Amino acid sequence: MRVPGDREIRALHEKHAPTGEAFELVHTHCEIVCRIAEQLLGRAGDGVDADLVRAGCLLHDIGVYRLYDGAGELDHASYIRHGVLGHELLAKEGFAEAICRFCSCHTGVGIGPDEVRMQRLPLPAGDYRARSREERLVMYADKFHSKSSPPAFVRADTYAVDVRRFGAGKAAAFAELREEFGEPDLAPLLTTYGHAVR
């Protein structure tokens, strides 16, 4: 399987970003998630493909670009679809399923087929839960930075409280990821990016 490098990934972001502001928001977020995942790689265990994790981090949110309208406004109501939209985008670009899955399997702490059906989520029927350790690491690293306005870093304790609103199962899934990978040190990233922390 061919894993794209940083230059190719940046070119994909530039190709699909509808505006410079959208590129800055999404690409910077992906870079931050990558730096967080790199900190946590040592806890991921032997056999984890660091190049695949890096590509997954840098591509996981590329589908967000498809949610911008002609005026450059983000469709927040359809945001849950950004993962499947990214999966479709990367598949059309010719990437392997293992690359595309980083997009569709990183939302929250995963979305199971029963949730899609019972909550009538605007997603195709399917299982959107991370399976591989690489997918789990990318999904987990993503929880520590938000593309909110303004963008912000998120502490593990803050996310643990926030995720409870989706049910005890989601809180337990995050606790399991936290146990598996540990917590990143956000301090050096705060210095580099200057985003707030919550």
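Residues numbered from 1 in each chain as written. Predicted model: local features only at pLDDT ≥ 70, side-chain atom pairs only at ≥ 80, totals over all residues. Heavy atoms only, no water.

## What about the sheet that holds strand S2 (residues 152-153)?
Here's step 1: With respect to topology, three strands assemble into an open sheet ordered S1-S2-S3, the strand pairing being mixed. Each edge of the open sheet carries a strand with a single partner, namely strand S1 (145-146) and strand S3 (196-197).
Here's step 2: Both S2 and S3 contribute to a ladder of two bridges, which runs parallel. Residue pairing in the sheet places Ala 152 in a bridge with Ala 196 of S3. (Pairing = 2+ DSSP bridges. Helix = DSSP H or I, 4+ residues; strand = E, 2+ residues; numbered from the N terminus.)

## Here's the deal with the pattern of salt bridges
Here's step 1: Inspection of every chain in the model, using the stated rule, returns 17 salt bridges.
Here's step 2: The closest approach of N and O atoms between Arg 117 and Asp 114, which form a salt bridge, is 3.1 Å. Remark: Asp 114 and Arg 117 occur in helix H6 (residues 113-118); sequence separation between them is three residues, near one turn of the helix.
Here's step 3: Given the relative accessible area of 46%, Asp 114 is considered partly exposed.
Here's step 4: Residue Glu 176 pairs with Arg 136 through a salt bridge whose shortest N-O separation is 3.3 Å. Of this pair, Glu 176 sits in helix H9 (residues 168-181) while Arg 136 sits in helix H7 (residues 133-142), and the two are 40 residues apart along the sequence.
Here's step 5: Overall, the relative accessible area of 16% leaves Arg 136 in the buried class.
Here's step 6: Each of the salt bridges in this network shares a partner with another, and the network as a whole consists of Asp 6, Glu 38 and Arg 54. (Salt bridge = Lys/Arg side-chain N within 4 Å of Asp/Glu carboxyl O. Buried < 20%, exposed > 50% of the residue type's maximum accessible area, 1.4 Å probe, protein only.)

## A short note on the packing of helix H3 (residues 50-59) against helix H5 (residues 97-104)
Here's step 1: It is the contact of H3 with H5, at a shortest axis distance of 9 Å, that shows an interaxial angle of 45°. In terms of their interaxial angle, H3 and H5 are classed as oblique. The two elements H3 and H5 cross, and the hand of that crossing is right-handed. In this structure, H3 contributes Leu 52, Gly 56 and Leu 59 to the contact, and H5 contributes Ile 99, Phe 102 and Cys 103.
Here's step 2: Of the residues contributing to the contact of H3 with H5, the split by class is five nonpolar, one polar and no charged. (Axes fitted to C-alpha atoms, helices over the stretch in contact; angles between N-to-C directions. Parallel < 35°, antiparallel > 145°, perpendicular 65-115°, else oblique. Left-handed = near helix turned anticlockwise from the far one by under 90°. Contact = heavy atoms within 4.5 Å. Nonpolar A, V, L, I, M, F, W, Y, C, P; charged D, E, K, R; others polar.)

## Topic: the packing of aromatic side chains
Here's step 1: According to the stated counting rule, one finds four aromatic pairs in the structure shown.
Here's step 2: With a centroid separation of 5.7 Å and 40° between ring planes, the pair formed by Tyr 140 and Phe 174 is classed as tilted. Taken together, the residues span a long stretch of sequence, with Tyr 140 in helix H7 and Phe 174 in helix H9 at a distance of 34 residues.
Here's step 3: A relative accessible area of 0% places Tyr 140 in the buried class.
Here's step 4: Given the relative accessible area of 1%, Phe 174 is considered buried.
Here's step 5: With a centroid separation of 4.8 Å and 50° between ring planes, the pair formed by Tyr 159 and Phe 174 is classed as tilted. Taken together, the residues span a long stretch of sequence, with Tyr 159 in helix H8 (residues 156-163) and Phe 174 in helix H9 at a distance of 15 residues.
Here's step 6: Taken together through their ring pairs, the aromatic side chains of Tyr 140, Phe 144, Tyr 159, Phe 174 and Phe 181 make up a single cluster. (Phe/Tyr/Trp six-rings, centres within 6.5 Å; stacked < 30°, edge-to-face > 60°.)

## Comments concerning unusual backbone geometry
Here's step 1: Note that the residue after Ser 149, namely Pro 150, is joined by a cis bond; omega there is -5°.
Here's step 2: By the secondary structure assignment, Pro 150 is in the loop between S1 and S2.
Here's step 3: The backbone of Arg 120 sits at a positive phi, close to 50°, despite the residue not being glycine.
Here's step 4: Its place among the elements puts Arg 120 in the loop between H6 and H7.

## Considerations on helix H1 (residues 6-16)
Here's step 1: Of the positions making up H1, those classed as buried are Ile 9, Leu 12 and His 13. Angular distribution of buried residues about the axis of H1 spans 100°; they occupy a single face of the element. Those residues of H1 that are exposed and angled more than 90 degrees off the buried face are Arg 7 and Lys 15.
Here's step 2: Of the surrounding secondary structure, the elements contacted by the buried residues of H1 are helix H2 (20-40), H3 and helix H4 (82-92). (Arc of directions from axis to C-beta.)

## Thoughts on the packing of H8 against H9
Helix packing geometry: the angle between the two helix axes and the distance between the axes.
Here's step 1: Direction vectors running N to C along H8 and H9 enclose 155°, while the axes themselves pass 8 Å from each other. In terms of orientation, H8 lies roughly antiparallel with respect to H9. Here the hand of the crossing between H8 and H9 comes out right-handed. Across from Ala 156, Asp 157, Tyr 159, Ala 160 and Val 163 in H8, the residues of H9 making contact are Lys 170, Ala 171, Phe 174 and Arg 178.
Here's step 2: Its residues assigned to classes, the contact of H8 with H9 comprises six nonpolar, no polar and three charged.

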